Amino acid sequence: MGDRLKGKVALVTAAGQGIGRASAIAMAKEGATVYATDVNLKLLESLTGQPGIVTQKLDVLDDLQIKFTIEGLPPLNILFNCAGFVHQGTIMETHDEDWDFSFNLNVRAPFKVIQAALPRMVANGGGSIINMASVCGSIKGLPNRFVYGTTKAAVIGMTKSVAADYVKGGIRCNAVCPGTVDTPSLHDRMAALGDIDEARKMFVSRQPMGRLAKAEEIAPLVVFLASDESAFATGNAYMIDGGITI
């Protein structure tokens with residue numbers, strides 16, 4: 001247990017599993033009061049009762065839920081937009097529905113959450129907004145990630161825009177850009193490819209370190225960006241990718 005985030009209030013979306021869950025736990029261990037949200041309440045059950053964590057349902061595709069949820073919380077010091085979806089396929093394998101869903105969840109949702117939280121964050125003296133991006137996008141093109149890479153490039157652009165507009169209001173906005181992380185959603189993508197073992201080998205092969213990341217290895221970067229240790233950092237895209245971008 002530490003005190004790097006003592007007295008701070010955090011909201012995490014998609015906190016039920018993967019990087020969101022690991023980050024919620026890590027922030028709570030550093031003294032924050034963490035509102036861990038997810039569209040799936042069952043996924044939040046493992047967090048219920050953990051010190052410093054309050055679980056709550058939130059569908060980030062529902063504008064009214066976003067508004068009412070944030071209005072019902074204390075002013076936030078930390079916002080971690082972690083909800084997202086990875087579509088597999090090239091431009092020719094992408095349907096309009098894939099495009100719309102990916103942009104709604106990966107880009108529009110954090111836009112609406114930031115928009116709802118920002119006024120009270122500024123009025124409260126500022127805070128740290130952390131957006132989930134990826135090395136896949138404007139940083140590096142990866143095969144069969146057309147829509148995903150496009151949305152994550154947009155997230156980095158959004159991050160920089162918010163940082164530029166609100167730096168004088170005490171707001172810092174940064175993006176976390178992981179490589180391939182061993183999460184339940186990755187397991188779903190591997191299963192969708194038909195042969196899980198071969199899919200895992202493929203994902204591992206693009207990591208120069210020769211392995212996948214653990215969600216718990218991404219969470220410390222989130223804690224750093226949430227904390228005052230990163231007080232001079234804003235508008236940045238932080239790569240944590242096992243060497244993909246070497």
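Since the structure is predicted, the reported quantities are computational estimates derived from the model, not experimental observations.

## Concerning the sheet that holds strand 4 (residues 78-81)
Pairing is parallel in the open sheet, where seven strands are placed in the order 3-2-1-4-5-6-9. One side of each edge strand has no neighbouring strand; the edge strands of this open sheet are strand 3 (53-57) and strand 9 (237-240). Averaged over neighbouring strand pairs, the angle between their axes works out to 20 degrees when direction is ignored. In this structure, strand 5 (residues 127-132) lies alongside strand 6 (residues 171-178), joined through six bridges in parallel fashion. Its bridge partner being in strand 6, Ile129 is matched across the sheet by Cys173.

## Re helix 2 (residues 63-71)
Along helix 2, the residues that are buried comprise Ile66, Thr69 and Ile70. For helix 2, the angular spread of buried residues about the axis comes to 90 degrees, placing them on one side. Pointing more than 90 degrees away from the buried face of helix 2 are the exposed residues Leu64 and Phe68. Next to the buried residues of helix 2 lie strand 1 (9-12), strand 3 and helix 3 (96-123). Between the side-chain oxygen of the N-cap and the backbone nitrogen of Leu64 there are 3.0 Å, and the N-cap of helix 2 in question is Asp62.

## Some words on the state of the cysteines
Evaluated as defined, the whole model comprises zero disulfides. The thiol of Cys82 is not disulfide-bonded; the next cysteine sulfur, from Cys177, is found 13 Å away. Free of any disulfide, Cys177 has its nearest cysteine sulfur in Cys136, 11 Å distant.

Cut-offs and rules
- Residues numbered from 1 in each chain as written.
- Predicted model: local features only at pLDDT ≥ 70, side-chain atom pairs only at ≥ 80, totals over all residues.
- Heavy atoms only, no water.
- Pairing = 2+ DSSP bridges.
- Helix = DSSP H or I, 4+ residues; strand = E, 2+ residues; numbered from the N terminus.
- Axes fitted to C-alpha atoms, helices over the stretch in contact; angles between N-to-C directions.
- Buried < 20%, exposed > 50% of the residue type's maximum accessible area, 1.4 Å probe, protein only.
- Arc of directions from axis to C-beta.
- Contact = heavy atoms within 4.5 Å.
- Polar contact = N/O pair within 3.5 Å; in protein donor to acceptor, adjacent residues only side chain to side chain.
- Disulfide = S-S within 2.5 Å.

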